[in-house]
Amino acid sequence: MNTRETLIRCVHCGEHKPADAFPGAKRKASGLSSWCRACHAQRNREYRAHKRQLREAEREAQKLEAIEAKRRDHDAKIAKLRESEAQHRRIAERRQSRDWSAQRHYALTVAVEATERGL
């Protein structure tokens, strides 16, 4: 009996199929794979679909990370601007306070001098 005419059982699906339905496998003593071509094809489709889903999930995660990074950068810039505005406000208040003190001191000096002249 020819090896191509014999039926071989696929270990994956359990069906008995002719040897032509099995791809070659150099490592096997028989020279044929233990899975039939249909099972190999189905497994390859499932594997590719799974890998596609993983790639899509990874891309989505990268997009979300990029959006999150932009948001963090934006928040940091806003915080820096607010701190800068607060610092400028404090400087302006100090200047205004210093100017007010100088004006008050000048007014008191003028008043003292006027009273001294009047005496």
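It should be emphasised that the depicted structure is a prediction, and the values quoted were computed from it without experimental measurement. (Residues numbered from 1 in each chain as written. Predicted model: local features only at pLDDT ≥ 70, side-chain atom pairs only at ≥ 80, totals over all residues. Heavy atoms only, no water.)

Attention now moves to the nonpolar core. Formed by Cys10, Ala19, Phe22, Leu32, Cys36 and Cys39, the largest nonpolar core amounts to six residues. Leaving out residues up to four positions away in the same chain, Leu32 has contacts with Ile8, Ala19, Phe22, Pro23, Gly24 and Ala25. (Core = buried A, V, L, I, M, F, W, Y, C linked by side-chain atoms within 4.5 Å. Buried < 20%, exposed > 50% of the residue type's maximum accessible area, 1.4 Å probe, protein only. Contact = heavy atoms within 4.5 Å.)

Mean pLDDT over the protein chain stands at 89; residues scoring 70 or higher make up 95%. By mean pLDDT, helix H1 (residues 37-118) is the weakest element of the protein chain at 90, and strand S2 (residues 16-18) is the strongest at 95. (pLDDT = per-residue confidence, 0-100. Helix = DSSP H or I, 4+ residues; strand = E, 2+ residues; numbered from the N terminus.)

A separate point is a positive patch on the surface. Side chains of Arg45, Arg48, Lys51, Arg52, Arg55, Arg59 and Lys63 sit close together on the surface and give a patch of like positive charge. Topologically, Lys63 is positioned in helix H1. Judged by its relative accessible area of 53%, Lys63 falls in the exposed class. (Patch = residues over 30% accessible without salt bridge, like charges linked within 9 Å, V, L, I, M, F, W, Y side chains within 5 Å. Areas by Shrake-Rupley, 256 points an atom, 1.4 Å probe, with all protein chains shown as cover. Salt bridge = Lys/Arg side-chain N within 4 Å of Asp/Glu carboxyl O. Lys, Arg positive; Asp, Glu negative; His and termini not counted. Charge placed at Lys NZ, Arg CZ, Asp CG, Glu CD.)

Before going further, it helps to spend a moment on the side chain of Ser33. Note that Ser33 resides in the loop between S2 and H1. A polar contact of 3.2 Å, which involves the side chain of Ser33, links it to the backbone nitrogen of Trp35. Setting aside anything within four residues of it in sequence, one finds Ser33 in contact with Phe22, Pro23, Gly24, Ala25 and His40. (Polar contact = N/O pair within 3.5 Å; in protein donor to acceptor, adjacent residues only side chain to side chain.)

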